[in-house]
Amino acid sequence: METEKKPILEMRGITKRFPGVVANDGVDLELFPGEVLALLGENGAGKSSLMNVLAGLYRPDEGEIYIRGERVNIDSPRDAMALGIGMVHQNFMLVETMTVAENIILGLRDIKTVPDMGGIIKKIRQISEHYKLKVDPKAYIWQLSVGEQQRVEILKQIYRGAEILILDEPTAVLTPQESEELNHILQQMTSEGKSAIFITHKMEEVIDFSDWVRVLHQGKLVTVKKTAETNPQELARLMVGREVLFRIEKKPAQPKEPVLVLEQVQANNEKGMPVLKGVDLQVRRGEIVGVAGVAGNGQTELTEVITGLHPVSGGRVLVDGKEMTNRSPLSIIKAGVSHIPSDRIAMGVVGDMSVANNLVMKGYRKEPITHSGLMNLRKIAEFAQRMVELFRISTPSTATRVKFLSGGNIQKTILAREIDSCGGVLVAAYPSRGLDVGATEAVRNEMVAQRDRDNGVLLVSEDLEELLTVADRIVVMFEGQIMGEVQSEDANVELIGLMMAGVPKERAEKQYYGSDHATDV
Amino acid sequence: MTALITSILTITLSAGTSLVYATIGEIYTERSGILNLGVEGMMLMGALTAFATVFHTGSLLLSVILAMAVGGFLALIHAFLSITMRANQVVSGLSITLFGTGFASFLGQRLGPESNNFYLSGMTAQRYAAVQIEGLTDLPILGAFFKQDVLTYGIYILIPLAWFFMYKTKHGLNLRAVGENPQTADAMGVNVVKLRYLYTVIGGMLVGLGGAHLSLAYTPGWTENITGGRGWIVIALVIFSMWNPSRAILGAILFGGINAVQFRLQASGTDIPSAYLNMAPYVATIIVLVLVTVWESHNRRIGPPNALGTSYMREDK
């Protein structure tokens, strides 16, 4: 509102290089007191590294930082803290085996050798009431939900006197209601003169949360806008660098014979508790079957019993009519099953190996990649180059180690490998989780392309929007059972929501369409 | 019967003292995320340094101090290799043990008197003798706690102190965080590298002290391989203690006790072949490790520090 407001924070010409990658290329940034700045960009655009520079975790190669008009050097997180900068990282910085209160005072110097926990807990409670950040200071972190853990992170930064709060993709882990609460908290903080920088790749959040928006693309600052003067379409275009499709082109499915069949499949978790309780499921060639459900209702185990990574304790898994129950992952791969795992870093790639080697990790046994038991490096390089071009994997070279790529490009690498080796069934678990618009679009289009090539696709996702646009039919899982199935064209979101909450389809329909719900409920 | 129990307990405590010092030392090191498998070597060097010092100077205090200094110095080498050079901690620790074992044996044949061909073995010197505490020594069974040498009395103070420091002070909080999640500790302003160096060296000093107890009190004098593999038992005791200093006493009593009982049995001329008796503490180690591991797999919240054995660099991906 005031025209002569001085920025509380200025970053000028920040450049940060990693081996083979320029994460930030001369980026400028200004933040005004009492305002929220959104930092928008695709994965790998350099948002997080820019903020890590500010939080003292990365040292910039070039550039200057000014706080309240004064030039500062931020060499460590301690320096950042002293300047009132607090960052809530995407992967929370919390020690799981410690309590909330212990995490909050961790590393503080101005407390007594034997901390006065009573007084500390009292102060935490005060802050937590003031900002409606409800959390029990005595609880252990591992007992808390992800949403609660985020509250602890924010509480921690306020307790430590943060005036500038950096939030790295805070809503990625939150339910819509929790996001709404977060928005309220931010508004209360800014009304008290604090400021926030908000990293995101979701356009709607920029509009809802921020006063200003800065768009980064490939490490460079593309534009600065007042949020009120822009719209999601424009932001998406600036962020990706081209026009983006919000819907994908899809012809009606033409399902053929079943290629993946599950009959009364049961499985237990490592503690011996049942996690799949008799699942019947069919995926036919030429269709995409979506699996909806709140995370932790057996979806991960479902994908893992199919791919041979989790033992089946009852029932059968058939691939192309062949018995594949409890077979080794290798024989299942050979039967034509591809897998895009939910944890792409841990299970999808070997971070320390090159893009090329990750790409041939499944095909390395075959000619001409391997000839007479020896790997043909030239063929591998050619193959990798072709894949990089085909799937538009943005990497300095095929020899770059995968861990230096952004999440989206890691996912594209996995996608390229799995699709190349796919021989009938593609099992994809949360394939677009954490990806930006461009990469999500690529992943979704590829699912549809696989379907059109007469492969059967099983798509597990938490994103109903994704299931409705990509899948042909959707089954809903709850506590290891399938509650019902809907066709995605005429799918009703609220009906799916009821099934996700554990109401079987028949009752959900009655409840929803209401004909005789008075007798039923 | 009471007399027998008292006497076994007396030996048990004495046999367990070196284990307590070394176990608490290694617990502190591992809590910071550094795995130091050099315990055996550091203990041997501590024992040798202590005895050589007391033999030549007659000062027990000086020999304890030097034993701790040598233990700390070897740990410093390990710290440099594994923290600064980011070497594999297992390899670095094993080389400390190999070096310590060999070097202690070498010095044991050089630092003795000319009359004994420069060998230290077979020599005698001052030692920490048992100190009776008036009025308490004669208690049935409990009296065993009060007829010990000074270093054993030391563990009565060290155990609660080490526990209090780790769980009740801010320094202990920072230490645990560094071993659990160095990224978080760093982001919270804890100096990960400094703390890891500090606690690795402190751990080494305590291990050296444990070695000193062997050659100054438990079996006064120098013999080749005086530790008899205690350094390795310590590694197992750390796991048995679940990285909690207050539990170090349980492991020490268990293994000290097995030692004491098998000594007793051997002395009483039992039919059991001595080879089996000598084996007992080590077999017990394996059994306890198996049991603890089984229990751990059922109780995921108790286990090694999460970052144990890994190096940390701020800008690592």
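Residues numbered from 1 in each chain as written. Chains lettered and ligands numbered in written order. Predicted model: local features only at pLDDT ≥ 70, side-chain atom pairs only at ≥ 80, totals over all residues. Heavy atoms only, no water.

Below, the discussion takes up the pairing of strand 3 (residues 36-41) of chain A. Residues and elements named next belong to chain A. By the criterion of burial, strand 3 is predominantly enclosed, with six of the six residues buried. Of the two faces of strand 3, the one holding Val36, Ala38 and Leu40 and the one holding Leu37, Leu39 and Gly41 are both buried throughout. With five bridges joining them, strand 3 and strand 8 (residues 195-200) adopt parallel strand pairing. Pairing of Leu40 across the sheet is with Thr200, part of strand 8. (Buried < 20%, exposed > 50% of the residue type's maximum accessible area, 1.4 Å probe, protein only. Helix = DSSP H or I, 4+ residues; strand = E, 2+ residues; numbered from the N terminus. Pairing = 2+ DSSP bridges.)

Before going further, it helps to examine the confidence of the model for chain A. Taken over all residues, the pLDDT of chain A has a mean of 88, while the share at 70 or more is 95%. Segment residues 516-521 of chain A is flagged for pLDDT under 50; beyond a separation of four residues in sequence, or across chains, it makes six contacts in the model. (pLDDT = per-residue confidence, 0-100. Contact = heavy atoms within 4.5 Å.)

Right, let's get into unusual backbone geometry. Residues and elements named next belong to chain A. Even without being a glycine, Glu169 presents a positive backbone phi close to 45°. Relative to the assigned elements, Glu169 resides in the loop between strand 7 (164-168) and helix 6 (176-191). Although it is not a glycine, Glu479 sits at a positive phi angle of roughly 45°. By secondary structure assignment, the location of Glu479 is in the loop between strand 21 (473-478) and strand 22 (481-487). Judged by relative accessible area, Glu479 falls into the partly exposed class, the value being 44%.

This paragraph deals with the nonpolar core. Core analysis: the biggest nonpolar cluster contains 111 residues, and Ile154, Tyr159 and Leu165 of chain A together with Ile24, Leu216 and Trp222 of chain B have the highest contact counts within it. In contact with Leu165 of chain A, other than residues within four places in its own chain, are Gly86, Val88, Ile154, Gln157, Leu186, Met189, Ser195, Ala196 and Ile197 of chain A. Residues Ile369, Ile393, Leu435 and Ala471 of chain A belong to the second largest nonpolar core, which totals 48 residues. (Core = buried A, V, L, I, M, F, W, Y, C linked by side-chain atoms within 4.5 Å.)

Residues and elements named next belong to chain A. The strand order 12-11-14-15 describes an open sheet built from four strands, whose pairing is antiparallel. Of all strands in the sheet, those bounded by a partner on one side alone are strand 12 (274-284) and strand 15 (322-323). Where helix 9 (residues 299-306) meets the sheet, its contacts fall on strand 11 (258-268), strand 12 and strand 14 (314-319), and the angle it forms with strand 12 comes to roughly 60°. (Axes fitted to C-alpha atoms, helices over the stretch in contact; angles between N-to-C directions.)

Of the residues lining the interface, 24 residues belong to chain B; the matching set on chain A comes to 38 residues. For the pair chain B and chain A, the summed buried area comes to about 2,600 Å², and 60% of that belongs to carbon and sulfur atoms. If you look at where chain B meets chain A, you find one salt bridge. In this structure, Arg176 of chain B and Glu102 of chain A form a salt bridge, with 3.4 Å as the shortest nitrogen-oxygen distance. Joining chain B to chain A, the criterion identifies 11 residue pairs in polar contact (both at pLDDT 80 or more). (Buried area = accessible area lost by both parts, 1.4 Å probe. Salt bridge = Lys/Arg side-chain N within 4 Å of Asp/Glu carboxyl O. Polar contact = N/O pair within 3.5 Å; in protein donor to acceptor, adjacent residues only side chain to side chain.)

Right, let's get into the sheet that holds strand 22 of chain A. All names here are of chain A. In space, the six strands of this open sheet follow the order 16-19-20-13-21-22, with mixed pairing throughout. Unpaired on one side and paired on the other, strand 16 (337-340) and strand 22 mark the two borders of the sheet. Averaged over all neighbouring strand pairs, the angle between strand axes comes to 20°, with direction disregarded. Examined bridge by bridge, strand 13 (residues 288-292) and strand 20 (residues 456-460) share four bridges and lie parallel to one another. Following the sheet pairing, Gly290 is matched in strand 20 by Leu459. Sheet strands in contact with helix 9 are strand 13, strand 16, strand 19 (425-429), strand 20 and strand 21, and its direction is about 150° off that of strand 20. Running over the sheet, helix 14 (residues 407-420) touches strand 16 and strand 19 and is turned about 175° from strand 16.

Taken together, the side chains of Glu180, Glu181, Glu204 and Asp208 of chain A present a region of like negative charge at the surface. For Asp208 of chain A, the location among the structural elements is in helix 7 (residues 203-209). (Patch = residues over 30% accessible without salt bridge, like charges linked within 9 Å, V, L, I, M, F, W, Y side chains within 5 Å. Areas by Shrake-Rupley, 256 points an atom, 1.4 Å probe, with all protein chains shown as cover. Lys, Arg positive; Asp, Glu negative; His and termini not counted. Charge placed at Lys NZ, Arg CZ, Asp CG, Glu CD.)

Moving on, we get to the pattern of salt bridges. Residues and elements named next belong to chain A. Throughout the structure, instances matching the rule amount to 31 salt bridges over all chains. The residue Arg285 makes a salt bridge to Glu257 at a minimum N-O spacing of 3.1 Å. Taken as a pair, Arg285 in the loop between strand 12 and strand 13 and Glu257 in the loop between helix 8 (232-240) and strand 11 lie far apart in primary sequence, 28 residues in all. Note on Glu257: relative accessible area 40%, which makes it partly exposed. Where Arg378 meets Glu382, a salt bridge forms, and the shortest distance between an N and an O atom there is 3.3 Å. A residue pair is termed a helical-turn pair when its members lie 3 or 4 positions apart in one helix, as Arg378 and Glu382 do in helix 13 (residues 377-390) at four residues. Taken together, the shared-partner salt bridges in this structure form one network comprising Lys250, Arg451, Asp452 and Asp472.

All names here are of chain B. A surface patch of nonpolar side chains, about 700 Å² in accessible area, is lined by Val261, Leu265, Ile272, Tyr276, Met279, Val283, Ile287 and Leu291. Those elements that place two or more of their residues in the nonpolar patch are helix 10 (248-267) and helix 11 (274-298). If one sorts the elements of the nonpolar patch by residue count, helix 11 sits on top with five residues. By secondary structure assignment, the location of Met279 is in helix 11.

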